[in-house]
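Overview (structure and organization)
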Amino acid sequence: MTDRIRVLHVDDEPAVVEAATSALEQAHCGITVETETNVADGLKRLDEGAFDCVIAGYDLPGQTGVEFLDAVRKRSPDLPFVLFAREGNEAAASDAISAGVTEYLRADGSAEPYARLAHTVVNAVERTADDIKHTQGSRRERAIEELHSTARAFMRATTADAVAQVTVDAARTILNMPANAVHFADGDSLYPAAWTNQVEELIGTPPVFEPGDGLAWQAFESGETQVHNDVASSPARYNPDTDIQSELILPLGDHGVLLIGSCVTGAFDDTDVTLARTLSVHATAALSRLDRDRQLREEREFIDQALNTLDDLFYVIDTDGSLRRWNERIPEVTGYSNDEIDDMPVSDFFPGDEHETIAAAINETRTSGRVTVEAEILTADRERIPYEFAGTQLTDADGAPVGTVGIGRDISQRKAYEQQLERQNERLDEFTSIVSHDLRNPLTVAEGNLELARAEYDSDALDKVSRAHERMRALIDDLLAFARAGETATDLESVALAGIVEECWQSVEDDRATLVVEGDLRVRADMAKLRRLLANLLRNSVEHGTTGAQTTADDNTDHSGGSATVRVGVIEDTDRHGFYVADDGPGIPAADREQVFEGGYSTGESGTGFGLKIVQRIAEVHGWTVTATESEAGGARFEVTGLEPA
């Protein structure tokens, strides 16, 4: 049974109204009866509020009850209407039935008609409520079914404007809400994106809502659906003079709002709100999908742009051996079009003699996860270009292999440099062969004949010849050392500096000098070349040092017994890493500190001028820098910097 029943009774006879009210209230404790005496006031009351049933007399001031019934049916076709006539005839009853009256009753002055009236009203209201509930249920089911097809239309939409149009069309045709519009958020405003013809007939082109404007902005800002049964009663309404009496506003996430209006107060029931919410959820999901698609598209375009700026080849190899993705550099280098590349297996980019190498490299990424390999690309013009490829295994979110991602770098210049270096080394080998054999052999013959001459003659001139031979042999040795110093440092190993200094000192130590080693560090170097560098620096300090500063108590190592002190220590500054060799001799004038590294420069009679040039060459092949400066004792100090920590 319906808990609350609101009845409007229109009749100008107080006794009838009073008797009817008493009978209704006795029949149902939840009945509320409101009265009017004429049709005009009765219609006004119906427009102002919702009633469950109307009772009217037949003879009313100005209009008959049948005319009142006709006006009510135009407003509310399903509203129960009971014509309760004090007087009447068959013609009046026929007119009432034709007009759609729910029940026609006669009041004969006894209590029985009033009891029947009460029973009729209660039954009519409950029956109508059941019919409405059934109708609403059927409508909801039908609308939800139709909204499913609309969901497919949303999925096909490729722009936000298309989503807006699908939304207003669905609200008009499926939900039977002809006056509706979609507004999209753009910056700090809500702009109209799509609207129905009925909206334009009511208000013209929909307005742009700025922050704080009207009920639309309130709903958008709060994110909550708003149902306004009487827009005129809301002080926040956008247009006080609007013909719209009811409004349903549904936020579309942060995308905008869906506005649905009606010229009738209380136009939207629970079913309307539920269906409109369902539609708004579909629209919001479609708009969010478009946003995600746009973001993904922009992100991919950004990544593609970044990859296309590379001079290197970028590629992703699928598990089936085909290229899954590549940058623009690949068609530029290979000469194949993107369509051709799409159909080519990886092996087609390489000559036949490289296929085994490439297959092994791809397989290695699947086992070790990473590989670097050199191979020649075969272009569409059959040109072979040397490349170095670095590949890494690509996995999915579960760690399963899905391919290989990598970079290919053109190493043509490096290969050309290696070939040039190889040719230079070949010429160097020829040179050292000449120096070591073709010059040493005649020198050995000359030295032998000199000894024979000394056996027959005693002359100072022969001593000069002997010294010339010694200088020639020193020059040959230094030339060989200089040539070999320029060879690439390949056999690198880590060694303690202090230990290697001690070894080198054994070959130069004499009673004129003392070695002091201050600190230690590990050096990564070609050992043979490092020994030559240190031996030359130590020998230079011994040969040019004189009696100077004495050793101190905190020296790490002290080889006493000489007049010169040679110090070897560590350089550990913010931007410099290396070691130094310093003495307490006369030093090197500032103007000559760069000249000492030039070939042939020497201040001693027996020097060849190649010792420091060899030091500089060895430093260069290691990527180091050697400079000459002044030591704390005023002597020479040679600094070797640019070392990588070992």
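Quick caveat, the model's predicted, so the values are computed rather than measured. (Residues numbered from 1 in each chain as written. Predicted model: local features only at pLDDT ≥ 70, side-chain atom pairs only at ≥ 80, totals over all residues. Heavy atoms only, no water.)

**Section: a negative patch on the surface**
The grouping of D339, E340, D342 and D343 at the surface amounts to a negative patch. Mapped onto the elements of the fold, D342 is located in helix 11 (residues 338–342). (Patch = residues over 30% accessible without salt bridge, like charges linked within 9 Å, V, L, I, M, F, W, Y side chains within 5 Å. Areas by Shrake-Rupley, 256 points an atom, 1.4 Å probe, with all protein chains shown as cover. Salt bridge = Lys/Arg side-chain N within 4 Å of Asp/Glu carboxyl O. Lys, Arg positive; Asp, Glu negative; His and termini not counted. Charge placed at Lys NZ, Arg CZ, Asp CG, Glu CD. Helix = DSSP H or I, 4+ residues; strand = E, 2+ residues; numbered from the N terminus.)

**Description of the packing of helix 2 (residues 39–48) against helix 3 (residues 65–75)**
Viewed as axis vectors pointing N to C, helix 2 and helix 3 meet at an angle of 15°, and their least axial separation amounts to 11 Å. Between helix 2 and helix 3, the angle is such that the two are roughly parallel. Relative to helix 3, the crossing made by helix 2 is right-handed. Contacts from V39, G42, L43, L46 and D47 in helix 2 reach F68, A71, V72 and R75 in helix 3. Residue composition of the contact of helix 2 with helix 3, grouped by class: six nonpolar, one polar and two charged. (Axes fitted to C-alpha atoms, helices over the stretch in contact; angles between N-to-C directions. Parallel < 35°, antiparallel > 145°, perpendicular 65-115°, else oblique. Left-handed = near helix turned anticlockwise from the far one by under 90°. Contact = heavy atoms within 4.5 Å. Nonpolar A, V, L, I, M, F, W, Y, C, P; charged D, E, K, R; others polar.)

**Notes on the pairing of strand 3 (residues 53–56)**
Covered by surrounding structure in strand 3 are C53 and I55 together with V54 and A56, the residues of both alternating faces. Of the pairings in the sheet, the one linking strand 1 (residues 5–10) to strand 3 comprises four bridges and is parallel in character. Among the inter-strand pairings, L8 is bridged to a residue of strand 3, identified as V54. Pairing geometry for strand 3 and strand 4 (residues 81–85), over three bridges, is parallel. Bridge pairing links V54 to F81 in strand 4. Crossover connection from strand 3 via helix 3 to parallel strand 4: handedness right-handed. (Buried < 20%, exposed > 50% of the residue type's maximum accessible area, 1.4 Å probe, protein only. Pairing = 2+ DSSP bridges. Right-handed = clockwise from strand over helix to strand, strands pointing away.)

**Structural notes on the confidence of the model for the protein**
Of the residues in the protein, 85% reach a pLDDT of 70 or more, and the chain-wide mean stands at 83. Considering each helix and strand of the protein separately, the mean pLDDT is smallest for helix 14 (residues 460–485), with a value of 67, and largest for strand 7 (residues 189–195), with 95. For residues 547–561, every residue scores under 50 in pLDDT, and the model assigns this stretch 33 contacts once sequence neighbours within four places are set aside. (pLDDT = per-residue confidence, 0-100.)

**A short note on the packing of aromatic side chains**
Applying the stated rule across the entire model yields nine aromatic pairs. Seen from their ring centres, Y387 and F389 are 5.9 Å apart, and the 25° between their planes marks the pair as stacked. Accessibility expressed as a relative area gives 1% for Y387, which makes it buried. Residue classification places F389 among the buried positions, given a relative accessible area of 8%. (Phe/Tyr/Trp six-rings, centres within 6.5 Å; stacked < 30°, edge-to-face > 60°.)

**A short note on the packing of helix 15 (residues 497–508) against helix 16 (residues 527–544)**
When two helices pack together, you describe them by how their axes are tilted relative to each other and by the distance separating the axes. With their axes 9 Å apart at the nearest point, helix 15 and helix 16 run at an angle of 55° to one another. By the criterion of interaxial angle, the relationship of helix 15 to helix 16 is oblique. The way helix 15 lies across helix 16 gives a crossing that is right-handed. Residues L497, I500, V501, E503, C504, W505, S507 and V508 of helix 15 form the contact with helix 16, whose participating residues are M527, L530, R531, L534, A535, L538, R539 and V542. A per-class count over the contact of helix 15 with helix 16 returns 12 nonpolar, one polar and three charged.

**Structural notes on the pattern of salt bridges**
For the structure on display, the rule yields 27 salt bridges. Two residues, E374 and R414, come together in a salt bridge whose shortest N-O distance is 2.3 Å. Of this pair, E374 sits in strand 13 (residues 370–378) while R414 is found in helix 13 (residues 412–456), placing the two residues 40 residues apart along the sequence. By relative accessible area, E374 is classed as partly exposed at 35%. In this structure, R414 and E388 form a salt bridge, with 3.5 Å as the shortest nitrogen-oxygen distance. You can see R414 sitting in helix 13 and its partner E388 sitting in strand 14 (residues 384–395), a full 26 residues away along the chain. Assessed through its relative accessible area of 31%, R414 is described here as partly exposed. With a relative accessible area of 25%, E388 lands in the partly exposed category. Within the structure, one salt-bridge network assembled from shared partners comprises E374, E388, R414, K415 and E418.

**What to know about the environment of H183**
Along the polypeptide, H183 turns up in strand 6 (residues 179–186). As a C-alpha pair, H183 and F209 span 26 residues in sequence and 8.7 Å in three-dimensional space. Apart from the residues within four sequence positions on either side, H183 is in contact with L190, Y191, P192, A193, P206, P207, F209, H255, G256, V257 and L259. Within the structure, the side chain of H183 is placed 3.0 Å from the backbone oxygen of P207, a separation counted as a polar contact. (Polar contact = N/O pair within 3.5 Å; in protein donor to acceptor, adjacent residues only side chain to side chain.)

**A few points about the sheet that holds strand 20 (residues 577–583)**
Reading across from one edge, 17-19-20-22-21 is the order of the five strands in this open sheet, with mixed pairing throughout. In this open sheet, the two edge strands, each paired with only one partner strand, are strand 17 (513–518) and strand 21 (625–630). Across the sheet, the axes of successive neighbouring strands diverge by a mean angle of 20°, strand direction being ignored. Relative to strand 20, helix 16 is tilted by about 30°, and along the sheet it contacts strand 17, strand 19 (564–572), strand 20 and strand 22 (636–641).

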